[in-house]
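Descriptive analysis of the structure
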Amino acid sequence: MQRLFPDPGPTTVEAQLGAYRPWLEPRPERPFVAANFAATLDGRAAIGGVSGPIGSETDTAMLAGLRTRFDAVMIGAGTMRAERYGRLVPSQEKRERRERAGLPHDPLMVIVSGGLDLPWEAPLFTAGRGRVLIFTASEQEPPETATTLRVVRHPGRVDLAAALRHLREERGIRALLCEGGPRLHAQLQAAGFVDDLFLTVAPKLAGGLAPHILEGELPGRIELAPAWLLEEDGELFGRYRRPPPGPDR
Ligand SMILES: NC(=O)c1ccc[n+]([C@@H]2O[C@H](COP(=O)([O-])OP(=O)(O)OC[C@H]3O[C@@H](n4cnc5c(N)ncnc54)[C@H](OP(=O)(O)O)[C@@H]3O)[C@@H](O)[C@H]2O)c1
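Thresholds applied
- Residues numbered from 1 in each chain as written.
- Predicted model: local features only at pLDDT ≥ 70, side-chain atom pairs only at ≥ 80, totals over all residues.
- Heavy atoms only, no water.
- Helix = DSSP H or I, 4+ residues; strand = E, 2+ residues; numbered from the N terminus.
- Rg over C-alpha atoms; globule rule 2.2 N^0.38 Å.
- Buried < 20%, exposed > 50% of the residue type's maximum accessible area, 1.4 Å probe, protein only.
- Contact = heavy atoms within 4.5 Å.
- Areas by Shrake-Rupley, 256 points an atom, 1.4 Å probe, with all protein chains shown as cover.
- Lys, Arg positive; Asp, Glu negative; His and termini not counted.
- Charge placed at Lys NZ, Arg CZ, Asp CG, Glu CD.
- Core = buried A, V, L, I, M, F, W, Y, C linked by side-chain atoms within 4.5 Å.

Our focus in this paragraph is the overall build of the chain. Counting its secondary structure elements, the chain contains 7 helices and 11 strands. Computed over C-alpha atoms, the radius of gyration of the chain comes to 18 Å, within 12% of the 18 Å expected from 2.2 N^0.38 for 249 residues, which places it in the range of a compact globule. Reported as C-alpha extents along the three principal axes, the dimensions of the chain are approximately 50 × 45 × 40 Å. Within the chain, the fraction of its 249 residues that count as buried is 46%. Once local pairs closer than 6 in sequence are excluded, the contacts in the chain between residues at least 24 apart make up 68%. A total accessible area of about 12,000 Å² is found for the chain, and carbon and sulfur atoms account for 52% of it. Placing the 31 positive and 32 negative side-chain charges of the chain at their respective mean positions leaves the two points 3 Å apart.

In structure tokens form, the structure reads like this:
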């Protein structure tokens, strides 16, 4: 893998993430938030309805590396239905590395859902490992799950600002990794909550009507500053920072 920016030269996923400590940067009323996506050259965030076929093994290594560096991972219900998550950090060695860094053994899995229509047979719920917190607008009760599950209800629609405040103040979450999907991502970006965007661009074309990495309105153009750009076999791995608001913004 090559680092194209800054300071061009050889690098690795481990070397790039080694000094990345988002848990040291919580914001006053919310966790530090990073979003992670993979896209095709035509800007699509899914092939055949899922994201797996987009990125390479190196992209998977980047995602696995990121998961060792956040207190919690957030996804929308659409992503849970499509991707049917299991335990976030399956490697014992990586969980121990998290603990050595002062992070909880398993990241808290956070799901945002309007109707609580979730794939309850997915290993995330049946394996009995880790912890899950669901923010929902539904009054329904979830079924019994082997994995510890908590539900926080918001009337009408999940208020993401309140959800992030709850994660910070009630659950002690300092750093949150949002793994999508596109509709949840749009709301977080529109509200100015995404501090870092990790974006893999794979040298593939998807065509069709798959969603883009961001599906929803923004209040205006968002300018991001590149923190790094890496390349391997034609695949690009970017990290883009949202500059903190200045006094005149
Ligand atoms: N390439 C990538 O990196 C990547 C990453 C993630 C996902 N994806 C792909 O994206 C597709 C899914 O897209 P998506 O936009 O449907 O995913 P999504 O953003 O994960 O899910 C949207 C759903 O989340 C819930 N939701 C979001 N905001 C809410 C709010 N404020 N209040 C209440 N509920 C809220 C709603 O759930 P309910 O339906 O329960 O009301 C909504 O239908 C899949 O094909 C997946 O593979 C790709």
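As a further point, take the nonpolar core. Residues Met-80, Met-109, Ile-111, Leu-118, Phe-125 and Ile-134 are the most contacted members of the largest nonpolar core, which totals 35 residues. With residues near it in sequence (within four places) discarded, Ile-134 still touches Ile-111, Leu-116, Leu-118, Trp-120, Phe-125, Leu-149, Arg-150, Val-151 and Val-152. Counting 28 residues, the second-largest nonpolar core is a separate cluster that includes Val-33, Ala-39, Leu-108 and Leu-164.

Keep in mind that these numbers describe shape and distance, not what the molecule does.
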